[in-house]
Amino acid sequence: MKPRPGPAGLCVGMVVYDRSYDMVGVVDDFVGPLVHLSRPTGLTWQSRWASVRQGTPYEHRQLQAIAALHRLRHKGLPGETR
């Protein structure tokens, strides 16, 4: 299945940097002028697509490191499935 293209060359599943919130995230959806973003920690937010740009290789690694740290911190906690 091909990613659904959005404004400014963005597409769902793309790693992006949001200048408004100074955070790296993944594009989940587009609704009008807003892009819905998320991080591996479960944090979700909305931002105007004009303040979002494609992530650099460094920002891809940053997001992977956040995901690895989140998994490590939650390893073995009650309610987690392995």
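This text goes with the structure placed above it.
Since the structure is predicted, the reported quantities are computational estimates derived from the model, not experimental observations.

Caption draft 1: Molecular detail of the packing of aromatic side chains. For the coordinates displayed, the defined rule picks out one aromatic pair. Ring geometry for Tyr 21 and Trp 45: centres 6.3 Å apart, planes at 55°, overall tilted. Of this pair, Tyr 21 sits in the loop between strand E1 (15-18) and strand E2 (23-31) while Trp 45 sits in strand E4 (residues 44-48), and the two are 24 residues apart along the sequence. Using a relative accessible area of 8% as the deciding quantity, one classes Trp 45 as buried.

Caption draft 2: The arrangement of the sheet that holds E4 in detail. Strand order in this open sheet of five strands is E4-E3-E2-E1-E5, and the pairing throughout is antiparallel. The open sheet has two edge strands, E4 and strand E5 (52-54), and neither has a second partner. Averaged over all pairs of adjacent strands, the angle between strand axes in this sheet comes to 50°, irrespective of strand direction. With four bridges connecting them, E1 and E2 associate as antiparallel partners. From the neighbouring strand, Val 16 faces E2, where its bridge partner is Gly 25.

Caption draft 3: How the structure looks around the environment of Asp 18. Inspection of the secondary structure puts Asp 18 in strand E1. For Asp 18, a relative accessible area of 0% gives the class buried. Sequence separation of Asp 18 and Leu 37 is 19 residues, and the distance between their C-alpha atoms is 8.9 Å. Setting aside residues no more than four positions away along its own chain, Asp 18 makes contact with Met 23, Leu 37, Trp 45, Ser 47, Ser 51 and Val 52. A polar side-chain atom of Asp 18 sits 3.0 Å from the main-chain amide nitrogen of Ser 20. Engagement of the side chain of Asp 18 in a polar contact is seen with the side chain of Ser 47, the distance being 3.1 Å.

Caption draft 4: Spatial organisation of unusual backbone geometry. The phi dihedral of Asp 22 falls on the positive side, at around 55°, and the residue is not glycine. Along the chain, Asp 22 turns up in the loop between E1 and E2. For Asp 22, a relative accessible area of 57% puts it in the exposed group.

Conventions used here
- Residues numbered from 1 in each chain as written.
- Predicted model: local features only at pLDDT ≥ 70, side-chain atom pairs only at ≥ 80, totals over all residues.
- Heavy atoms only, no water.
- Phe/Tyr/Trp six-rings, centres within 6.5 Å; stacked < 30°, edge-to-face > 60°.
- Helix = DSSP H or I, 4+ residues; strand = E, 2+ residues; numbered from the N terminus.
- Buried < 20%, exposed > 50% of the residue type's maximum accessible area, 1.4 Å probe, protein only.
- Pairing = 2+ DSSP bridges.
- Axes fitted to C-alpha atoms, helices over the stretch in contact; angles between N-to-C directions.
- Contact = heavy atoms within 4.5 Å.
- Polar contact = N/O pair within 3.5 Å; in protein donor to acceptor, adjacent residues only side chain to side chain.

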